[in-house]
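Each chain is listed here by its residues.
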Amino acid sequence: MEQIKEFLKQLRKHPNRPDLHNSLGGLYQQKGDVGEASKHFLAAARLFSVPDSPHRNLNKAIAILRKMTRDFPSHHDSYYLLAEILEEMDNHEEAKEVYGQLSNIYRKEGKHLMAVSVFDKVISVDPEDMEKWIQFATLNRDAGMPFHAAQAFVQAASLGLKTRKGEPAVGLVIEALKLDSENTEAHELFRILAGSGETESVHETEILQLAKEVDRNGQYEQAVILLDLLKGTSLEDKAREASEIIRMHSGAEDTTGSDDLPKRQPGTGKYAGTKVLVVDDEREILLLLEQILTGEGFQVFTAMDGQEGLLVYMKERPPLVVTDAMMPKLHGFELCRRIKEESDNTAKVMILTAVYKKYKYKGKVQEEYNVDEYLDKPFQITEFLQVFNRMAENAREAPKYLPSTVPEIEGKQPGKLKILLISESDGDLAEKVTKFCTRQEIRLQIAKDPQQLVESLNRELPDIILVTDSLPGLESSVAARLLKGLLDLRSTTIVLITKEKSKLEGVLEDFDHRVFAPIDKSVLDNIVQLHSSSPKVAIGRRNQALSHDEKRIDAILRSKVARILKSHNQLEEYYSTRVRELEEEAGHLKEQLEKPKE
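Residues numbered from 1 in each chain as written. Predicted model: local features only at pLDDT ≥ 70, side-chain atom pairs only at ≥ 80, totals over all residues. Heavy atoms only, no water.

Chemist: Please explain the packing of helix α15 (residues 283–295) against helix α19 (residues 381–395) as it appears in this structure.
Modeler: Between two packed helices, the angle of one axis relative to the other and the distance separating the axes together describe the packing. Interaxial distance between α15 and α19 falls to 12 Å at its minimum, and their mutual angle equals 60°. Taken together, the axis directions place α15 and α19 in an arrangement best described as oblique. Taken as a pair, α15 and α19 cross one another with a handedness that is right-handed. Counting all contacts with α15, which are made through L289, I292 and L293, the residues of α19 involved are I381, F384, L385 and F388. (Axes fitted to C-alpha atoms, helices over the stretch in contact; angles between N-to-C directions. Helix = DSSP H or I, 4+ residues; strand = E, 2+ residues; numbered from the N terminus. Parallel < 35°, antiparallel > 145°, perpendicular 65-115°, else oblique. Left-handed = near helix turned anticlockwise from the far one by under 90°. Contact = heavy atoms within 4.5 Å.)

Chemist: It is not clear to me how helix α11 (residues 184–195) should be interpreted in this structure. Could you clarify?
Modeler: Since the α-helix advances by 3.6 residues per turn, residues separated by three or four positions end up pointing in the same direction. Between its terminal C-alpha atoms α11 stretches 16 Å, which fits the 16 Å expected from 12 residues at 1.5 Å a residue. For α11, every residue scored as buried is listed here: T184, A186, H187, L189, F190, L193 and A194. Measuring from the backbone nitrogen of E185 back to the side-chain oxygen at the start of α11 gives 3.1 Å, which picks out N183 as the cap. Just beyond α11, the residue with positive phi is G197, at close to 75°. (Expected span 1.5 Å × (residues − 1). Buried < 20%, exposed > 50% of the residue type's maximum accessible area, 1.4 Å probe, protein only. Polar contact = N/O pair within 3.5 Å; in protein donor to acceptor, adjacent residues only side chain to side chain.)

Chemist: Explain the packing of helix α5 (residues 76–88) against α15 to me, please; I cannot follow it from the model alone.
Modeler: Relative to each other, α5 and α15 sit at 60°, their axes nearing to 12 Å. Of the residues in α15, those touching α5 at H76, D77, Y80 and E84 are R283, E284 and L287. Residues that form the contact of α5 with α15 fall into these classes: two nonpolar, one polar and four charged. (Nonpolar A, V, L, I, M, F, W, Y, C, P; charged D, E, K, R; others polar.)

Chemist: Sorry, what's going on with the nonpolar core here?
Modeler: The nonpolar side chains of a soluble globular protein tend to be buried with one another. F190, F384 and F388 are the most contacted members of the largest nonpolar core, which has 109 residues in total. If we ignore the near neighbours within four places in the chain, the residues touching F384 are L289, L293, V322, M350, L375 and F379. With 20 residues, the next largest nonpolar core counts L277, A303, L310 and Y374 among its residues. (Core = buried A, V, L, I, M, F, W, Y, C linked by side-chain atoms within 4.5 Å.)

Chemist: Looking at this model, I keep getting lost on unusual backbone geometry. Mind explaining?
Modeler: Keep in mind that most residues, glycine aside, have a negative phi and that most peptide bonds are trans. The residue K329 is not glycine, and still its phi comes out positive at about 70°. Among the structural elements, K329 can be located in the loop between β3 (320–324) and α17 (332–342). For K329, a relative accessible area of 69% gives the class exposed. The phi angle at E441 is positive, at roughly 55°, despite the residue not being glycine. Inspection of the secondary structure assignment puts E441 in the loop between α20 (427–440) and β7 (443–447). For E441, a relative accessible area of 60% corresponds to the exposed category.

Chemist: It is not clear to me how the sheet that holds strand β4 (residues 348–353) should be interpreted in this structure. Could you clarify?
Modeler: Adjacent strands of a sheet pair through backbone hydrogen bonds, lying either parallel or antiparallel. Spatial strand order, β2-β1-β3-β4-β5: five strands in an open sheet with parallel pairing. Of all strands in the sheet, those with a lone pairing partner are β2 (299–303) and β5 (373–376), marking the two edges. Neighbouring strand axes in the sheet, compared pairwise and without regard to direction, differ in orientation by 15° on average. Where strand β1 (residues 275–279) lies against β2, five bridges are found, and the strand directions are parallel. When the sheet's bridge partners are listed, V276 is paired in β2 with V300. (Pairing = 2+ DSSP bridges.)

Chemist: Quick question: what am I supposed to make of the pattern of salt bridges here?
Modeler: Oppositely charged side chains are able to pair whenever their charged atoms sit close together. All told, the structure shown has 26 salt bridges when counted by the stated rule. Among the ionic pairs, R191 bridges to D228, the shortest N-O distance being 3.5 Å. Highlighted residues: R191 in helix α11 and D228 in helix α13 (residues 220–228), separated in sequence by 37 residues. When its relative accessible area of 25% is taken as the criterion, R191 is described as partly exposed. On the basis of relative accessibility, which here comes to 15%, the residue D228 falls in the buried class. The salt bridge partner of E342 is R317, with a shortest N-O separation of 3.5 Å. Taken together, the residues E342 in helix α17 and R317 in the loop between α16 (306–316) and β3 connect sequence positions 25 residues apart. Its relative accessible area of 25% is what places R317 among the partly exposed residues. One salt-bridge network, in which partners are shared between bridges, spans E188, R191, D228 and K231. (Salt bridge = Lys/Arg side-chain N within 4 Å of Asp/Glu carboxyl O.)

Functional significance is not addressed by these values, which are geometric in nature.
Right, dumping it as structure tokens:
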């Protein structure tokens, strides 16, 4: 106990020392206090894994986390952190195993939806493993998500058909159809298998029985589509008779086949691509909702506190928002109010809460904060989707944030755009951008140093600025901050092209978009499209029809940027020289110390 007190005393003075946390974890484990032990072990592992930290040691972090997964197998956060570190070290195979273990733990605990969310990471690491897709399908089925399960069975069947290994594809296709009889990919696979003679009478009988069950549920057209799958099989005559009976009692007209009937394409529903922001400080809930909504075709953005949620909203402007009520930094109710103000009340917001459950809260919150939907925790996934889809349907009638067509800029034709590339040494990138601009009739300038950057901005403000990591004497983040803050390029789109994955994470700050190098024509096309579709373009160029005073202010600002850049370069040169001098002095001292004493 005295040792623990002594370590706690040291920890108060040095809270970021991972060795102290690790020692405390060991002492608490000896004492049998699992909660405190796991807390300090996890803190030590996190501190050992912090980038640019003097204590950074990923091997030590991994050793601690492996010990935790062995000694505290139900501690979920240790698995997440271990897998993330392994992925950072490009050890994707072991990371996949860790995610698989965690998914299995959630399954045993009865948390099937979380098991699905975690296993999705296993699939992303190894998308060609048929057995993993079958496991994924089973987890989705157990979690009550039949459509997602069906799609996973179809993927497994496709891999089986390609490799001719593992479980027979036809059985997987039938499993998919039992879960989602409208799955058009499963229909096509069954036709292929039946046409090549790989189906047996037992499989065809299952399709016939499934069609009859679908018919009893009132899905007459879908039953006919299923029966149409049996053309050319031994049960073709029975299928035709069943189709005629269905048409008679349903009043449906005869059709020449299933091609004339409506089909539901996976991932292409009416909400496909619609942006959704999900804000929750519980990692499990966040992963779960992201998995569910992504599976429904939505484009999902996430945040773990209210302040971050507001920043993401301001950048992405999603028409749909789901947020927990009790959020750090900015309460969910206040976040809702701010979003409603920013969107002129067109964004739709759902509040999730485990605290404000009484009916009086619901009425008060909806009245004061203009909340659109209100759902108590815990909730069933079917209940969440029902409420969310209702909110999404209402959002479809709201004004759009971005115009559906590219706005026509007064006095500016599409072929007259100007791009400024800020890069010194990336010849391949410069060549690609040059070819692209030539084909698209876009004017291009390249700045290879800060002086050229200032000269280019003095001549004319560009429409799009591409910033890379290879500008001498100027960090890309500093360049963006100067361009955004001092020149106030409101109608210019600033894009970071980076080879560092760490710069792609987190909330966008001074850049409008960030892309990972190398890039190609499709990426450049997308950048131009995003720029043209941006509402800020409609504001017009600041260098068009400027008054005398505005031109004078612009000149002052550009001059200020030039002075800052010059000062930045002078400071860098001074400190570089000083470092060399200190290194030489250290070398002389070392020589003196190493000389043998007389």
